[in-house]
Amino acid sequence: MADRVTVIGWDGSPLTPAARSALSAATLVAGAAHHLALPEVPPGAERIRLGSVDLAARRIAGHRGTAVVLADGDPGFFGVVRTLRAPEHGLEVEVVPAVSSVAAAFARAGMPWDDARIVVAHQRTLRRAVNVCRAHPKVAVLTSPGAGPAELALLLDGVHRTFVICEELGTDREQVTVLTSDKAADHAWRDPNVVIVIGGTAGAPPGGWIMGQETPAVRGWALPPDDPSAARGGSGEDPTLRAAQLARLGPRVGDLVWDIGCGGGALAVESARFGAAVIAVDADPDACARTEAAARRHGVQLQAVRGRAPHVLERLPEPDVVRIGGGGVPVVTACTDRRPERIVAHASTRDEAEAIGAALSEGGYTVECALLQSVGLDPGDWSERDRSVVFLLSGRRSTSP
């Protein structure tokens, strides 16, 4: 095992005395091509061009001598330190950090970033990174080849955002470009780059106390009927049913929720309050307007799409979870064809519930059904104020093909 492993961050500025001292004593140096070209790298040191960090870590673990790993920015922030310290490699490292690329990008933009969400986009996580950009007003995206500004813009189709694209930060080829998301796909962008995605009006109030989070103004969930965004619009808006639907859907950061038949927007807004991206669909323009107004009241972002399901669903991006508020078996079938992880629906009659359950099962979902009954009581005299009886159906995508 290497006698000593030092990880040095580089942001384009001159190396610190500590970094130069560690580098001068190195017998093995690992880094990208531009790192290995630094004049401070000892000419007699073994050089490893970083591709797979796991492979480099194994080489370092077997090296007899002093190793240095060079990385851009702060190597402890979405960087190589996590891999090097993984139990399978057993490396103890010292870190000499530099300014992270995210901090540098926000500095170039002249913007605070304690209220920003930060995500890593590569081909496997690109869709989830885009969903975070849909749901939050300020996001920094650490991109990768094949998951850069153009791909972000294409997947954000229909959602207006402003991009601040910072290419090759810290180098003599550094460039910062500000443009709208619909223009980003028309350019070729140099790697590495950081994209700051800005849009919407929601966000943390001035003087926030926790990074990247927006504390909901209203405590709790399954908001009661006297809340404007949870006004009743039939059984689909009942807070007891909504609580059960949310519990089964489990919307979370990085998810895209379809709320089909959004009504007053109660479930759409609550899903957004959990941090998920939401597309609320309704054929009624007034329902779309109410949903957008509810989102503004609660300081969350969502996209309202006017159209009749199932036809309107064909042009929507892939969902993670779906709530079906109406449309029956044709809409259920259209949703199962898109293979979200979970689907919930409700029915007023047993016949309707059986038809929906059969459609879910035929679509490859494990089905659960419950009969929910809630009775609102007047605490003054304990008389019945209102009653809701509804079948709740939920489907979980089966693991087997």
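Structure's up top.
As the structure is a computational prediction, the values presented were derived from the model and not from experiment.

Chemist: Could you give an account of the pairing of strand β7 (residues 138-142), naming the residues involved and the relevant values?
Modeler: For β7, the tally of buried residues reaches five of five residues, placing the bulk of the element in the interior. Side chains Lys 138, Ala 140 and Leu 142 of β7 all project onto a buried face; the interleaved residues Val 139 and Val 141 project onto the opposite face, where all are buried too. In this region the chain leaves strand β6 (residues 117-120), passes through helix α6 (residues 126-135) and returns to the parallel neighbour β7; the handedness of that crossover is right-handed. Taken together, the five bridges between β7 and strand β10 (residues 193-198) define a ladder with antiparallel strand orientation. Looking at β10, one finds that Lys 138 is bridged to Ile 198.

Chemist: Give me the lowdown on a nonpolar patch on the surface, citing residues and values where you can.
Modeler: A cluster of nonpolar side chains, contributed by Val 375, Leu 377 and Trp 382, occupies part of the molecular surface with about 310 Å² of accessible area. Counting through the fold element by element, Leu 377 comes out in strand β16 (residues 365-378).

Chemist: Tell me about the sheet that holds strand β1 (residues 4-10), and please be specific about residues and values.
Modeler: Sheet strands pair by backbone hydrogen bonding; their relative direction is either parallel or antiparallel. Spatial strand order, β3-β2-β4-β1-β5: five strands in an open sheet with parallel pairing. The sheet is open, and its two edges are formed by β3 (46-49) and β5 (93-96), each paired on a single side. Strand after strand, the sheet turns through a mean of 20 degrees between neighbouring axes, direction not considered. Relative to β3, strand β2 (residues 28-31) is paired through four bridges, and the arrangement is parallel. Looking at β3, one finds that Ala 30 is bridged to Ile 48. In the packing of helix α1 (residues 17-24) onto the sheet, the strands contacted are β1, β2, β4 (66-72) and β5, and the crossing angle to β1 comes to about 135 degrees. Helix α3 (residues 53-61) contacts β1, β2, β3 and β4 of the sheet and is inclined by roughly 160 degrees relative to β3.

The rules we used
Residues numbered from 1 in each chain as written. Predicted model: local features only at pLDDT ≥ 70, side-chain atom pairs only at ≥ 80, totals over all residues. Heavy atoms only, no water. Buried < 20%, exposed > 50% of the residue type's maximum accessible area, 1.4 Å probe, protein only. Helix = DSSP H or I, 4+ residues; strand = E, 2+ residues; numbered from the N terminus. Right-handed = clockwise from strand over helix to strand, strands pointing away. Pairing = 2+ DSSP bridges. Patch = residues over 30% accessible without salt bridge, like charges linked within 9 Å, V, L, I, M, F, W, Y side chains within 5 Å. Areas by Shrake-Rupley, 256 points an atom, 1.4 Å probe, with all protein chains shown as cover. Salt bridge = Lys/Arg side-chain N within 4 Å of Asp/Glu carboxyl O. Axes fitted to C-alpha atoms, helices over the stretch in contact; angles between N-to-C directions. Contact = heavy atoms within 4.5 Å.

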